[in-house]
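Chain residues, written in single-letter form:
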Amino acid sequence: MKLRYFSCSTCFVLIMLVLFTACGSQENSQTDKDKQAKLDNVKNYLLEQTGTLDTYSRQLKDAADSYYLLAKNDNFDYTKLVSLQHQQILVALQSARKAWMLASPNYERMEGIVAGVPSLSKYDNILDAGVSGREGGDDIAQVDLTLPTGKVLQKPGNLFGVLEGTLWGTEPTFTVANTFFDYDNNGKQDFGDILPSPDVLKSAADAMSSYVVELQVAAKQWQPTLTDAFSALIGNVPTVSDFFDSWKTSRFVAGNASTQRDFAVISRLSDIVGNITSWQTIYQGLSPLARTVDANQDTRITKGLTNLKTYVQNIEKKENNGHRFTPQEADLFSNEARQRATAITGDISQEAAKLNVKVAE
Amino acid sequence: MWSHRIAVSYARQLLAGVALVFIAFALLPLHASTQSVYPADAGESIRDAFFDAQMELPYDAKIAQQKLADAHTAYQSVLMVTFAADVPELNQRLQMGFSEAQDALVAKDGVRFAAARATVWTTILAGSYAIVEQALKKGDGHTARLWLSLREFRQATRFSHPDTDATVAVDDVIAKKISFADALVSVHADLLDTYQARLTDALHELTVPGNSGFPIKYAEQSALAEGYFTILAPIYGQQRGQKALMQVQQALQNIHQAAVEGKDLDPSLTVVEDAIQNFRAAPLSVTQRTRRIGQLFRFLSLIPIEYGRGVSNGVVTRDFEIREAITFHDGAEAAFADLQNLFNERNASKTQQAKRLLTALAPKLEAATSGKQVVAPDTIQTTTQQLTMLLKEIIPSEWQQQDSNGDFDVITSMLDQMVAAVARKEYDQAEAARLEAYSTLETGPEARLTAFAPQMIKPIEDLFWYGQDKHKGLAYLISHKASLREIRATCDALDIELAVAQKAIMDSNTPFAVAVNAAVIVFREGLESVLILASLMGSLKHSSTRRYQRPLWLGAVLALIATVLTWLLMRDILVSFARYGESLEAIISVIAIAVLLLVTNWFFHKVYWTGWIAQFHSQKRRLLSAEAGQWVGLILLGLTSIYREGFETVLFLQALVLDAGTGVVLSGVGLGLLGAFTIGVIIFILQFKLPYKKMLIVTGIMIGIVLLIMVGNTVQVFQVVGWLPIHMLGFVQFPYWTGLWFGLYATWEGILLQVAAATFVVGSYVLAECQQKRRNNDGNTKSVIPSVKEKSLIVSSVVQ
């Protein structure tokens, strides 16, 4: 009896000691907060966009393959190709351009998420944000292109940029030299009246399709967390100023003096609007939780993103209506956008701090 | 009739009253709505309206006028009442700003309008800052929070994020976590730092060549610079004197005027740039001060260590160690620069002396790395010791409280160096930096994490070493020469975990917390050893086997001596070996398991042992005697079961000593030992009271469980150091406490090896049972578990 009592007491003491020493910080309550926020809609949105991007990238790949086959059948004799297969080439290249022009803004609508989430950010580098090896720096696009001939293009840049440079000739090395292809049949060599290099176009389109599929898989595996969402916003909203800086030196403002390869076809402003849409989607997932700590700040952030989008759209609308902004005006717009983005980022950072969410540096 | 009249009268009054109340309630939302616009919202409206007016000015004066009117209305309806009451001079300045903007608009002068716009905005910021300050001084946290949102932040980029100290401080003061005085310090620090950064940005914009063609931008930035400085002016005056303050203010006015008139800014710009050089508006908060002091001492202590590793016999043998020494010197200088003003206030002459000593180190370190001259490590050591002593004289003891934030800063610094080395494709150096970062964790914060946040240790270790989860471990990536991007991604994930860990142990350095920490570490690490030893001691209770308690005790005593010797080693030496802590634990653990298996086997399966010994009976003189073998085994068991955790435990306890002193830590150690010892005594007594057979079963089960735990933990350590691969189970995750208490980790290697260990022990017992039954069936009557008398006969025959 005594022994049983003793044993029970010992077990009790042991259990209490175990519980005491097993006590750790309650810092690990992130999971509860993750559940409160509605982050599933962020993932669903991303999956929807990647699905659409997959469709467009396949269309682009098909068009590039058609063009490649046409060129190959004529033994890459471009003079012959242009004269004998003009219509077929036109169909293939216009289809490729159309697919690119659908894919690019589609990607921008999810870029904010892809770029901001550590497990997905490498795809942003490859698809849209990375620079060429020639430009150097820390953000070189980690992709090489193996052409059908076996030649390898080392770090040519992000895939959207390579495809744009190939399809519209903003990167002359990706086009067929000294060949004029009259897209609109007006007899003049306008912007974009070039023949893309079939090799580069095909390999870039293949690579894009492949990486988009990988991105889809990665997106399906991604479990969004508050840290992901806040980090994506705080890291990306300030990039509005980078976009505006790029816009200031693009064809749309600097005209023919521009040396930019990218965003010569679609204005950077459209890019910005797409990104803001993805940020709004991310923040919608956070808003229910944010309201529990500061409803006014939550409203301010939501309103700030909406106003920022309207601000950019208004500038874009004027641009599309033919207005050409002076460099000083573009600079003022750019500066103002930076101020607004900083204010929004500041509010989001404060919100994260109030919720005790750690943000990735 | 009279009562009817009264009733009607009452009814009318009642109806009138109800109607009045209804009207009042109907009006209330209207009234409330004019009061419900927050200052930050009004501020944004004013800014936006001003900008719209600026852009419309060249095209549509009417719209521009409307926008300006909107801005003015927003100010009057929301901000003006408070401004007029609390900061009347700023209210006046704002009215003048609006008037100036109106004049510029009428004149269609975009340049003047831009300057007026900037003046209005910065005056609003100055007003908000002053109102927050006043509110905190009055003890009104809610007003402070309301107005704090009307502010700016440092320019955000992809890589630098806005600060949150002021927001957190005001929330904390409302929650009564900190005092109003401390909150004020944090708010000052955050906002003044922000506006000084903005001032610097505005001045920089005035020097960018391309901007000279943008007169509107010039005017705006010059007015912004002047406006931001008005917020910093009181602090500047305090630090540099009123004369210097007036000079700067005059120069900024000149810049403003020159920009508006399109004249040259250079002379006045130079005056301002010189005046604000080395000026720091933001005072250090208590946390920042403690952190900087912690960084200063930590970095200083690491300079001679790194230098010593890189130099041998007057020659530089490892250049990257010298570079690390230089990095830590730079870090110490940066921390000293931030603290210099504070030190000067306490003792100007000693501060100057300290500065000279610190500065004198730089050329010596540079000379070593360039190969010009390699001073002896002792020289560096002496200088840093002198400097440390001097600083301890300057800095009050309450400021010198060791701050583990300094350790996290060092870890971050080493990880940055690791990334930089990877960028240069120098993977060897990257690995050295990684080990350095890890040993800093081991010798610093991990002690506290072990007690207060044990669930964070494994994720951090996985990321540092060979984790195979979403992000692979750094050791794995470096050994596979992974890309910079992959390594950065893991570093980012590690930064997050470290930040959470840092927060978790933030308040764990009070003497009581440290003592509890020490007690918990010693109890937890000691429990396993105590279980093994107490179980065996208790079962070796009979006179014939009691003497086998002696080698167990001897092993335990040797382990304790080894642990004490390890404790007495200089901390610097321990730090040097900290990077090998895991490997040492792994090796000792394997020995411990092997010995435990052997002893367990011997204990339960005497028949094997004696059978084996009988076969070699004729050769016993040539072999090591079985008795001696048993003694060696038991000594080893006692030694390894305690010292297995001894090295790392000592490292943790040393880290705690730095926080709270030896006395506090030893009191915690005593408490932990008492707890472990009590458990041991309880088990010993329990076993003593049990009948022999039951005792054997209980001992067997206990030792079996401990064996499984040891196998699980040893596999985990092997995986941490990369000696075993890691394959996650994948379909299930175990909570952190299963690893902490039962050595149960969700990897195939861990589970399978634990199963194998269990199978081995159980299987050998079953095999022994089967063999015994067969013998019994064949007429042999030897019992598997010999009686006490039989055991003593067996042992005596062996000895002879």
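Residues numbered from 1 in each chain as written. Chains lettered and ligands numbered in written order. Predicted model: local features only at pLDDT ≥ 70, side-chain atom pairs only at ≥ 80, totals over all residues. Heavy atoms only, no water.

K.L.:
Explain the overall build of chain A to me, and be specific about the residues and the numbers.
P.N.:
Tallying secondary structure elements over chain A gives 14 helices and four strands in all. Evaluated residue by residue, chain A yields a buried proportion of 59% over its 361 residues. Nonlocal contacts in chain A, meaning residues at least 24 apart in sequence, comprise 73% of its contacts between residues at least 6 apart. Counting only carbon and sulfur atoms, one obtains 52% of the accessible surface of chain A, whose full area is about 15,100 Å². (Helix = DSSP H or I, 4+ residues; strand = E, 2+ residues; numbered from the N terminus. Buried < 20%, exposed > 50% of the residue type's maximum accessible area, 1.4 Å probe, protein only. Contact = heavy atoms within 4.5 Å. Areas by Shrake-Rupley, 256 points an atom, 1.4 Å probe, with all protein chains shown as cover.)

K.L.:
Pulling in residues and values, what's your account of the interface of chain B and chain A?
P.N.:
The partner chain A presents 58 residues to the 63 residues of chain B that form the contact. Across the chain B to chain A interface the summed buried area is about 5,400 Å²; carbon plus sulfur atoms make up 60%. There are four salt bridges connecting chain B and chain A. Note that A:Arg340 and B:Asp48 form a salt bridge whose closest N and O atoms lie 3.5 Å from each other. For the side of chain B that touches chain A, the elements supplying multiple residues, two or more each, are α2 (39-56), α7 (165-174), α9 (215-240), α18 (446-452), α21 (484-504), α22 (511-539), α28 (662-689) and α30 (736-742) of chain B. Among the elements that line the side of chain B that touches chain A, the one with the most residues is α2(B), at nine residues. A class-by-class count of the residues in the side of chain B that touches chain A yields 32 nonpolar, 10 polar and 21 charged. (Buried area = accessible area lost by both parts, 1.4 Å probe. Salt bridge = Lys/Arg side-chain N within 4 Å of Asp/Glu carboxyl O. Nonpolar A, V, L, I, M, F, W, Y, C, P; charged D, E, K, R; others polar.)

K.L.:
Give a detailed account of helix α6 (residues 121-129) of chain A, specifying residues and quantitative values.
P.N.:
A large share of α6(A) lies buried, amounting to seven of its nine residues. Buried within α6(A) we find A:Ser121, A:Tyr123, A:Asp124, A:Asn125, A:Ile126, A:Leu127 and A:Asp128. In this structure, the buried side of α6(A) is in contact with α5 (86-116), α7 (159-168) and α8 (198-221) of chain A together with α21 of chain B.

K.L.:
So what's going on with the nonpolar core? Residues and values would help.
P.N.:
Residues A:Leu127, A:Phe244 and B:Leu79 are the most contacted members of the largest nonpolar core, which totals 187 residues. At 17 residues, helix α5 (residues 110-138) of chain B tops the list of elements feeding residues into this core. Residues within four places of A:Leu127 in sequence aside, it is in contact with A:Tyr107, A:Asn158, A:Leu159, A:Phe160, A:Met208, A:Tyr211, A:Val212 and A:Leu215. (Core = buried A, V, L, I, M, F, W, Y, C linked by side-chain atoms within 4.5 Å.)

K.L.:
Give me the lowdown on the side chain of B:Glu152, citing residues and values where you can.
P.N.:
Tracing the chain through its elements places B:Glu152 in the loop between α6 (141-148) and α7. Side-chain polar atoms of B:Glu152 contact the side chain of B:Trp121, separated by 2.7 Å. Here B:Glu152 is in contact with A:Gln339, B:Trp121, B:Leu125, B:Thr194, B:Tyr195, B:Arg198 and B:Tyr228, once residues within four sequence places are set aside. (Polar contact = N/O pair within 3.5 Å; in protein donor to acceptor, adjacent residues only side chain to side chain.)

K.L.:
Tell me what's going on with the packing of aromatic side chains, and back it up with residues and numbers.
P.N.:
The final tally for this structure, using the stated rule, is 25 aromatic pairs over all chains. Taking the centre distance of 5.7 Å and the plane angle of 40 degrees together, the rings of A:Tyr107 and A:Phe160 count as tilted. Of this pair, A:Tyr107 sits in helix α5 while A:Phe160 is found in helix α7, placing the two residues 53 residues apart along the sequence. As far as burial versus exposure is concerned, A:Tyr107 and A:Phe160 are alike and both buried. Taken together, A:Phe244, A:Trp247, A:Tyr311, A:Phe325, A:Phe333 and B:Phe51 form an aromatic cluster joined through their ring pairs. Seen from the ring of A:Tyr68, A:Lys202 lies directly overhead, with NZ or CZ sitting 5.9 Å from the centre. It is A:Arg340 that lies over the ring of A:Tyr311; its NZ or CZ is 4.4 Å from the centre. (Phe/Tyr/Trp six-rings, centres within 6.5 Å; stacked < 30°, edge-to-face > 60°. Lys NZ or Arg CZ within 6 Å of the ring centre and 35° of its normal.)

K.L.:
An account of the pattern of salt bridges is needed here, citing residue identities and associated values.
P.N.:
Per the stated rule, a full pass over the model turns up 30 salt bridges over all chains. With a shortest N-O distance of 2.9 Å, B:Asp171 and B:Arg145 are connected by a salt bridge. Of the two residues, B:Asp171 sits in helix α7 while B:Arg145 sits in helix α6, which places them 26 residues apart along the sequence. What makes B:Arg145 partly exposed here is its relative accessible area of 32%. Here B:Asp193 ties to B:Arg154 by a salt bridge, and the two come within 2.9 Å at their closest N and O atoms. On the criterion of sequence distance, the pair formed by B:Asp193 in helix α8 (residues 180-205) and B:Arg154 in the loop between α6 and α7 is long-range, its members being 39 residues apart. Salt bridges sharing partners connect three or more residues here, namely A:Lys61, A:Asp65, A:Lys202 and A:Asp206.

K.L.:
Go over the environment of B:Leu554, please, and point to the residues and values.
P.N.:
Residue and element names in this part refer to chain B. For Leu554, the location among the structural elements is in helix α23 (residues 549-568). Given a relative accessible area of 40%, Leu554 falls into the partly exposed group. Considered as a pair, Leu554 and Leu639 are 85 residues apart in the sequence and their alpha carbons are 8.0 Å apart.

K.L.:
Residues and numbers for the packing of helix α14 (residues 348-370) of chain B against helix α15 (residues 377-394) of chain B, please.
P.N.:
Residue and element names in this part refer to chain B. Running from amino to carboxyl end, α14 crosses α15 at an angle of 160 degrees, the nearest separation of the two axes being 10 Å. Viewed along their axes, α14 and α15 adopt a mutual orientation that is roughly antiparallel. Between α14 and α15 the crossing geometry is left-handed. In contact with Lys350, Thr351, Gln353, Ala354, Leu357, Leu358, Leu361, Lys364 and Leu365 of α14, α15 contributes Thr379, Ile380, Thr383, Thr384, Gln386, Leu387, Leu390, Leu391, Glu393 and Ile394. Looking at the contact of α14 with α15 residue by residue, the classes come out as 10 nonpolar, six polar and three charged. (Axes fitted to C-alpha atoms, helices over the stretch in contact; angles between N-to-C directions. Parallel < 35°, antiparallel > 145°, perpendicular 65-115°, else oblique. Left-handed = near helix turned anticlockwise from the far one by under 90°.)

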